[in-house]
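Structural description and commentary
Given next are the chains, with one letter for each unit.
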Amino acid sequence: MTLRRALGPALIGGGALVIAALLVALGVWQLQRREWKHELIAAIAARVHAAPAPLPVPASWPDITAARDAYRRFAAEGHFLYDRETLVRATTALGSGYWVMTPLQTSDGTVLVNRGFVPPDRRDPAARGESRAEAPVRVTGLLRITEPGGGFLRSNDPAGERWYSRDVAAIAARRGLGATAPFFLDAEAGPDRDSYPVGGLTVISFADNHLGYALTWFGLALLVLGGAVTVLRHRQSGGEG
């Protein structure tokens, strides 16, 4: 028996085991990711349906994080600064149009509020038929993390008033708002669903394909082992001279 014939089965079997082990490890990692994703979804659901908490005070703004605070439900009271609103390009279940970002002046500072969606023919406040009284308002909504820079392949152009993302710092600077919360609120839907802007359009969706990925990796591991067994049996039966 030549050295090649002696080492061949060991190399084939050993290589197959190493590759299969790596594939199984990838499958296990996907299962761990799936568990993490389900915990995240449960946590977000709990935040969304919790009773609204008071808006974070300025001293706590630097501690706001996406992992801990995104989609938490808050309530704020103050006056809308309607003359400083910003329209941000949006694509929603209602079609393409704009988010209406309006500063809310509270006793603790300013926070941007996404009051909701308007179609292109309602971008002019006069076309919305909404009340823009200076009376105090109470807003309930979900905390959203700022979206710096712009949208996919499109950068915000503050000077040209072309906005493709809800970039809190850039909008605040453009509108001269001074100290502004580093997040914004997605306002909940109002009692009149036929009025504009239309609130309550926050999309909360997380891809959960990890089980499918895990099964794919495990299946590939089985194919590798099965292929190795087939080759070894073929050699033992005299398939190689």
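See the structure shown above.
About the criteria used
- Here, residues in each chain are numbered from 1, in the same order as that chain's written sequence.
- With the structure being a predicted model, the display of local features is reserved for residues of pLDDT at least 70 and the display and counting of side-chain atom pairs for 80 or more, all residues being used for whole-chain, interface and lining totals.
- Each side-chain value is derived from all of the structure's non-hydrogen atoms; neither hydrogens nor water enter the calculation.
- A run of H or I in DSSP counts as a helix once it spans at least four residues, and a run of E counts as a strand once it spans at least two, with each numbered from the N terminus.
- Contacts were defined at the residue level, with two residues in contact if any of their heavy atoms lie within 4.5 Å.
- Only four residue types enter the tally: Lys and Arg on the positive side, Asp and Glu on the negative side; His and the chain ends are excluded.
- For the purpose of locating charges, the reference atoms are NZ of Lys, CZ of Arg, CG of Asp and CD of Glu.
- What makes a salt bridge here is a side-chain nitrogen of Lys or Arg within 4 Å of a carboxyl oxygen of Asp or Glu, nothing more.
- Each residue is placed in one exposure class: buried if its accessible area under a 1.4 Å probe, protein chains only, is under 20% of its type's maximum, exposed if it is over 50%, and partly exposed if it falls in between.

Description of the overall build of the protein chain
The secondary structure content of the protein chain amounts to 4 helices and 9 strands. Along the protein chain, helices and strands appear, N-terminal first, in the series α-β-α-β-β-β-β-β-β-β-α-β-α. With respect to the three principal axes, the spread of C-alpha positions in the protein chain is 95 × 35 × 30 Å. A sequence separation of at least 24 residues applies to 62% of the contacts in the protein chain between residues at least 6 apart. When the 26 positive and 22 negative side-chain charges of the protein chain are each reduced to one mean point, those points stand 10 Å apart.

With respect to the pattern of salt bridges
Throughout the structure, instances matching the rule amount to 12 salt bridges. Two residues, Glu147 and Arg166, come together in a salt bridge whose shortest N-O distance is 2.9 Å. Here the residue Glu147 occupies a position in the loop between strand S6 (137–145) and strand S7 (150–151), and Arg166 occupies one in the loop between strand S8 (154–155) and helix H3 (168–175), the gap between them amounting to 19 residues. Residue classification places Glu147 among the partly exposed residues on the basis of a relative accessible area of 23%. Among the residues examined, Arg166 registers a relative accessible area of 8% and is labelled buried. Between Arg174 and Glu161 there is a salt bridge, with the nearest N and O atoms lying 3.1 Å from each other. Of this pair, Arg174 sits in helix H3 while Glu161 sits in the loop between S8 and H3, and the two are 13 residues apart along the sequence. Shared partners join several salt bridges into a network, and the residues in it are Arg144, Glu147, Arg166 and Asp186.

Digging into the environment of Gly227
Looking at where Gly227 falls in the secondary structure, it is placed in helix H4 (residues 210–236). Placed 211 residues apart in sequence, Gly227 and Ala16 show a C-alpha to C-alpha distance of 8.4 Å.

Describing the environment of Ser205
Here Ser205 shows up in the loop between strand S9 (180–187) and H4. Taking the C-alpha atoms as reference points, Ser205 and Ile41, separated by 164 residues in sequence, lie 8.7 Å from one another.

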